[in-house]
Amino acid sequence: MKLKSNSKQKDKKIFVLDTSVILYDHNAIKSFEEHDIVIPIQVLEELDNFKKGNDTRNFEAREFIRMIDKISSNAIINDWIPLNGPDKGKFKVAINENGIELHENAVHIFDDDKNDHKILNAALSLQKHHPDKKVILVSKDICLRLKAKALNIRAEDYETGKIQDVKQLCGGKTILQDVAPEVINEMFENSEIAPVKLGLNKVEDNEFFILNINGQQVMGYFNPRSGMIERIDKQPVYGIIPRNAEQNFAIHALMNPNIKLVTIQGVAGTGKTLMAMASALEQRRSYRQIFITCPIIPLSNRDIGYLPGDIKSKLDPYMQSYWDNLNFIKDLHHHDDKNGKRIDEMLENEKIAIAPLAYIRGRSLAKVFFIVDEAQNLTPHEVKTIISRAGDDTKMVFMGDIHQIDTPYLDAQSNGLSYLIDRIKSNPLAAHVTLEKGERSELANLANAYL
């Protein structure tokens, strides 16, 4: 949970944070304003298991441990320590005392002494010792929150960076019906029109438009540099032809050199990956490298290092969809063997590179067309880390389906793709497109609609 400055309570609360919150945001203890923060000792024990590795959660664990060491200095951390900053509360690590008798004991109730239940007991102990304060467990783990509520412990999600209205993310375009014929004529004659002539007093940078009149449709976008709504024509890229208006918008954003950051949201089969890869190939001369990546979600949450072989062998099972898309593009050029061979040469020379996200930390990506697929499985911090790697003349594309998340503790409101779409809207360097119509096959559309 995050409390806004204009909603401070007179009565200070005690927030108990579990491990999932720290792994999501190592700065979480700074998000609760004047209220006190408690970290159960079991959380430190679990963080110790996460401190080694290259994954973002390993980074979060290490950063939190360093921060607590700096805050505590020579103090004893099971006593209250003031947090630095105006109107900040206090912090301490809670150590369960065997002598404390709890009216309800989570370890006994759930017949399991795992850390989650010990964390619940820490909250119960705080309730007993501080009856004058509200004790609230903050966790990204839904099941732990439900267990807490069953024990009469207030429990909440950690809401910093969480998007309140997911529906607003499904935008990116405005549909105008019954547009005057003279407007349509001007769009065809001059290829642009002033927003006020469409009755629009306020438009967002790089916003897309569909103008309809008597079954006729004109597509356009607001160019923040010219201040005009410019017409968009259908634009094939490396043999891929857009099949609907939204795909046309996506290709326009992907091909526009003035747009450095593109976000594409859509269900499976809407053409996100195919259009991004085809657009990158079309602009191959403008970029030093085409970099394709996605979060690796291994089976049983095991690191890919346990797999046999070199890094390419380890990644191949997770990256097969990208090979499928490249092969599909190559098949479109079977009549022109030169274009097909060009893709093979780019792969051989690593002009096209496919690698896991863990390998980009610390790198500077200059003049790169960077594609991040399945971005809904990233945290907001991971998205920030990736974008901060961008060097001169780099373009970044984040795409995914915010309703199809495979990462524990993330949802449609708290994942990195939703966070990014919400934060960059109406920025002249960024554009967002929502793809609604599946174009993979009628069978795939059937699955998305009914299953």
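Along each chain, residue indices are assigned from 1 in the same order as the chain's sequence is written. Reporting of local features is limited, given that this is a predicted model, to residues whose pLDDT is at least 70; pairs of side-chain atoms are given and counted only at 80 or more, and all residues count toward the totals for whole chains, interfaces and linings. The side-chain values count all of the structure's non-hydrogen atoms but skip hydrogen atoms and water molecules.

Caption draft 1: Layout of helix H6 (residues 142-150). Of the positions making up H6, those classed as buried are Leu144, Arg145, Lys147 and Ala148. Buried residues of H6, seen end-on, are gathered within an arc of 160° and therefore sit on one face of the element. Pointing more than 90 degrees away from the buried face of H6 are the exposed residues Ile142, Leu146 and Ala150. Whether two residues are in contact is decided by their heavy atoms, any of which lying within 4.5 Å being enough. Secondary structure is summarised from DSSP: a helix means a run of H or I of at least four residues, a strand means a run of E of at least two, and numbering begins at the N terminus for each. The inward-facing, buried residues of H6 abut helix H5 (115-129), strand E5 (135-138) and strand E6 (154-156). Side-chain atoms alone can form a polar contact between residues adjacent in sequence; in general such a contact is a pair of N or O atoms within 3.5 Å, and within protein one must be able to donate a hydrogen while the other accepts it. A distance of 3.0 Å separates the backbone nitrogen of Cys143 from a side-chain oxygen at the start of H6, and that oxygen is part of Asp141. Looking one or two places after H6, you find Asn152, whose phi comes out positive at around 65°. Per-residue accessibility, obtained with a 1.4 Å probe over protein chains only, is compared with the maximum for each type, and a residue is labelled buried under 20%, exposed over 50%, and partly exposed between these values. The arc in question is traced by the directions running from the helix axis to the C-beta atoms.

Caption draft 2: Representation of the sheet that holds strand E11 (residues 228-232) in the model. Here five strands make up an open sheet; going across it, the order is E7-E9-E10-E11-E8 and the pairing mixed. With partners counted over all chains shown, the strands left at the sheet margins are strand E7 (173-176) and strand E8 (192-193), one partner each. Here four bridges tie E7 to strand E9 (residues 208-213), and the two strands are oriented parallel to one another. When the sheet's bridge partners are listed, Lys173 is paired in E9 with Phe208. Only the stretch in contact is used when fitting a helix axis, every axis being a line fitted to C-alpha atoms; angles between N-to-C directions are given from 0 to 180 degrees. Packed on one face of the sheet, helix H8 (residues 245-255) meets E7, E9, strand E10 (216-223) and E11 and runs near 145° to E9. Strand pairing is assigned whenever DSSP detects at least two bridges linking the two strands.

Caption draft 3: Just a nonpolar patch on the surface, in detail. Patches here: salt-bridge-free residues with over 30% relative accessible area, like charges joined within 9 Å, nonpolar side chains (Val, Leu, Ile, Met, Phe, Trp, Tyr) joined within 5 Å. Areas reported here follow the Shrake-Rupley algorithm with a probe of radius 1.4 Å; residue values treat only the protein chains shown as occluding. In the sections that follow, a salt bridge refers to a side-chain nitrogen of Lys or Arg positioned within 4 Å of a carboxyl oxygen of Asp or Glu. Together, Leu443, Leu446 and Tyr450 line one region of the surface with nonpolar side chains, adding up to about 400 Å² of accessible area. Within the secondary structure, Leu446 is located in helix H14 (residues 442-450). Residue Leu446 is classed as partly exposed on the basis of its relative accessible area, which comes to 43%.

Caption draft 4: Main features of the nonpolar core. Among buried residues, the Ala, Val, Leu, Ile, Met, Phe, Trp, Tyr and Cys ones that are joined through side-chain atoms within 4.5 Å form a nonpolar core. Core analysis: the biggest nonpolar cluster contains 45 residues, and Leu281 and Ile329 have the highest contact counts within it. Membership of the second largest hydrophobic core comes to 41 residues, among which are Ile29, Ala106, Ala155 and Tyr158.

Caption draft 5: Region of the structure containing the sheet that holds strand E14 (residues 352-354). Read from one edge to the other, the open sheet built from six strands follows the order E14-E13-E15-E16-E12-E17, with strand pairing classed as parallel. The sheet is open, and its two borders are formed by E14 and strand E17 (430-435), each paired with just one other strand. Going from strand to strand, the sheet's axes swing by 15° on average, the running direction of each strand aside. Taken together, the four bridges between strand E15 (residues 368-372) and strand E16 (residues 395-400) define a ladder with parallel strand orientation. The partner of Val372 across the bridge, within E16, is Phe398.

Caption draft 6: Inspection of the packing of aromatic side chains at higher detail. Paired rings are identified among Phe, Tyr and Trp, the last through its six-membered ring, by centres lying within 6.5 Å, and are further divided according to the angle between planes into stacked (under 30 degrees), edge-to-face (over 60) and tilted (the rest). Tallying each qualifying case throughout the model produces seven aromatic pairs. Ring geometry for Phe32 against Tyr158: centres 6.1 Å apart, planes inclined by 40°, an arrangement best described as tilted. Note that Phe32 is positioned in the loop between helix H1 (19-24) and strand E2 (36-40) and Tyr158 in the loop between E6 and E7, a separation of 126 residues in sequence. Classification of Tyr158 by relative accessible area gives buried; the value is 0%. Here a set of aromatic residues connected by ring pairs shows up, and it is made of Phe15, Tyr24, Phe32 and Tyr158. Remark: a charge is flagged as sitting over a ring if the NZ atom of Lys or the CZ atom of Arg is within 6 Å of the ring centre and within 35 degrees of the ring normal. Seen from the ring of Tyr24, Lys140 lies directly overhead, with NZ or CZ sitting 4.5 Å from the centre.

Caption draft 7: Representation of the environment of Tyr287 in the model. Note that Tyr287 resides in the loop between helix H9 (272-282) and strand E13 (289-293). Distance in space between the C-alpha atoms of Tyr287 and Asp393 is 7.9 Å, their sequence separation being 106 residues. For Tyr287, the residues in contact, after removing those within four places along its chain, are Lys351, Lys367, Val368, Phe369, Asp393 and Lys395.

Caption draft 8: Expanded view of unusual backbone geometry. Even without being glycine, Asn206 reaches a positive phi, approximately 60°. Structurally, Asn206 is set in the loop between E8 and E9. With relative accessibility at 2%, the residue Asn206 sits in the buried group. At Asp393, a residue that is not glycine, the phi angle is positive and equals roughly 60°. Here Asp393 is to be found in the loop between helix H12 (380-387) and E16.

Caption draft 9: Just the pattern of salt bridges, in detail. Counted according to the given criterion, the structure contains 14 salt bridges. Notably, a salt bridge pairs Lys173 with Glu246, separated by 3.3 Å at the nearest N-O pair. Of the two residues, Lys173 sits in strand E7 while Glu246 sits in helix H8, which places them 73 residues apart along the sequence. Take Glu246: its relative accessible area is 11%, and that puts it in the buried class. The salt bridge partner of Arg231 is Asp233, with a shortest N-O separation of 3.0 Å.

Caption draft 10: Layout of the packing of H8 against H9. At their nearest, the axes of H8 and H9 sit 10 Å apart, and the two run at 40° to each other. When the interaxial angle is binned, H8 and H9 end up oblique. Relative to H9, the crossing made by H8 is right-handed. Contacts between H8 and H9 involve Gln247, Ala250, Ile251, Leu254 and Met255 on the former and, on the latter, Met275, Ala276, Ser279 and Glu282. Counted by class, the contact of H8 with H9 contains six nonpolar, two polar and one charged residues. Oblique is the label for any angle not covered by the other classes, which are roughly parallel (under 35 degrees), roughly antiparallel (over 145) and roughly perpendicular (65 to 115). Here is the rule for handedness: rotate from the far helix to the near one, and if that takes an anticlockwise turn smaller than a right angle the crossing is left-handed, while a clockwise turn gives right-handed. Ten residues, namely Ala, Val, Leu, Ile, Met, Phe, Trp, Tyr, Cys and Pro, are considered nonpolar, four, namely Asp, Glu, Lys and Arg, are considered charged, and the remaining ones, Gly among them, are considered polar.

Caption draft 11: Broad picture of H9. A large share of H9 lies buried, amounting to ten of its eleven residues. Within the span of H9, buried status applies to Lys272, Thr273, Leu274, Met275, Ala276, Met277, Ala278, Ser279, Ala280 and Leu281.

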